[in-house]
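The primary structure of each chain is shown beneath.
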Amino acid sequence: MNRHDVVFFKPYPFKVGQKLHIHGGARNGDWEVIDVTDRKVKLRCPVSLREFEWNRFCYFVEARSGTVWPQE
């Protein structure tokens, strides 16, 4: 088996009412979760009160060294 450094991602379990701070990217900044479905998350900016609905996205979880890849 070949071993590689592999980065793992998993869906974040958003919950209505959560306060978020996202570092970097187009969604950078503070947000409040105002709605969640299986496919979408709706966030509100606490400053402008503008609301945005996006496809649910993932967050970096961990990086592992010496991991079998691809997995069988």
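Look above for the structure.
The paragraphs below set out a description of the structure included in this document. (Residues numbered from 1 in each chain as written. Predicted model: local features only at pLDDT ≥ 70, side-chain atom pairs only at ≥ 80, totals over all residues. Heavy atoms only, no water.)

1. A short note on the packing of aromatic side chains
- Within this structure, the stated rule accounts for five aromatic pairs.
- Ring plane angle 85° and centroid distance 5.7 Å describe the contact between Trp31 and Phe52, whose orientation is recorded as edge-to-face. With Trp31 in strand β3 (residues 29-36) and Phe52 in strand β5 (residues 51-55), this pair connects stretches of sequence that are 21 residues apart.
- With a centroid separation of 5.4 Å and an interplanar angle of 80°, the aromatic rings of Trp31 and Trp54 are classed as edge-to-face. Note that Trp31 is positioned in strand β3 and Trp54 in strand β5, a separation of 23 residues in sequence. (Phe/Tyr/Trp six-rings, centres within 6.5 Å; stacked < 30°, edge-to-face > 60°. Helix = DSSP H or I, 4+ residues; strand = E, 2+ residues; numbered from the N terminus.)

2. Let's talk about the pairing of strand β4 (residues 40-44)
- Here β4 shows a clear split, with Val41 and Leu43 buried on one side and none of Lys40, Lys42 and Arg44 buried on the other.
- Here β3 runs beside β4; their pairing, made up of four bridges, is antiparallel. Across the sheet, the residue bridging to Asp35 is Lys42, located in β4.
- Counting the residues that bridge the hairpin from β3 to β4 gives three residues.
- For β4 and β5, the ladder comprises five bridges, and the chain directions are antiparallel. Within the sheet, the bridge partner assigned to Lys42 lies in β5 and is Glu53.
- Hairpin geometry of β4 and β5 is characterised by an intervening segment of six residues between the two adjacent antiparallel strands and by a positive phi of about 65° at Leu49. (Buried < 20%, exposed > 50% of the residue type's maximum accessible area, 1.4 Å probe, protein only. Pairing = 2+ DSSP bridges.)

3. A short note on the pairing of strand β2 (residues 19-22)
- Along β2, the buried face is formed by Leu20 and Ile22; none of Lys19 and His21, which line the opposite face, is buried.
- Pairing of β2 with β3, which is carried by four bridges, proceeds in the antiparallel orientation. Looking across to β3, one finds that Leu20 is bridged to Trp31.
- The antiparallel pairing of β2 with β3 creates a hairpin that spans six residues between the two strands, and Gly24 there sits at a positive phi of about 80°.

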